[in-house]
Amino acid sequence: AAAEDLSWVVFHYAGAAAAVGQQYLGGLLCTPDGKIPPAAELDGPIKAAFASVDIAMWELFVCSNSDIPGGDVGDGSGAPPLDFFRR
């Protein structure tokens, strides 16, 4: 799910490690500037996107790479990908 203007994007992932009998699922709410979107969007389309994959909003937490120059996470990956697509 994503906002039309790409001001936010929700990603969902799921997988399994059969060798150890584990399953996992998760989701990401990504924004170009790393800030949480307005409450109206959180309570509307964003909440609905997470609910559609059985993830509750209380399960989310903030992760920031803002202390890393240029947004680089230290592995040479560069700036956040949403910046590229918004240009």
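Look up: the structure comes first, before these words.
Residues numbered from 1 in each chain as written. Predicted model: local features only at pLDDT ≥ 70, side-chain atom pairs only at ≥ 80, totals over all residues. Heavy atoms only, no water.

Draft legend 1. View of helix H1 (residues 39-51). Residue proline 45 marks the point of greatest curvature in H1, where the axis turns by about 30 degrees. Listing the buried residues of H1 in full gives Leu42, Ile46, Ala49 and Phe50. Its buried side turned inward, H1 meets strand S1 (9-17) and strand S2 (22-30). (Bend = angle between axes of the 7 residues up to and from the residue. Helix = DSSP H or I, 4+ residues; strand = E, 2+ residues; numbered from the N terminus. Buried < 20%, exposed > 50% of the residue type's maximum accessible area, 1.4 Å probe, protein only. Contact = heavy atoms within 4.5 Å.)

Draft legend 2. Structural detail: the nonpolar core. Grouped together as the largest cluster of nonpolar side chains are eight residues: Ala3, Trp8, Val10, Leu42, Ile46, Ala49, Phe50 and Ile55. A per-element tally of this core places H1 first, with four residues. If we skip the residues at most four places from it in the chain, valine 10 touches Ala1, Leu28, Leu29, Ile46, Ala49 and Phe50. (Core = buried A, V, L, I, M, F, W, Y, C linked by side-chain atoms within 4.5 Å.)

Draft legend 3. Representation of the side chain of threonine 31 in the model. By secondary structure assignment, the location of threonine 31 is in the loop between S2 and H1. For threonine 31, the side chain forms a polar contact with the main-chain oxygen of lysine 35, separated by 3.0 Å. (Polar contact = N/O pair within 3.5 Å; in protein donor to acceptor, adjacent residues only side chain to side chain.)

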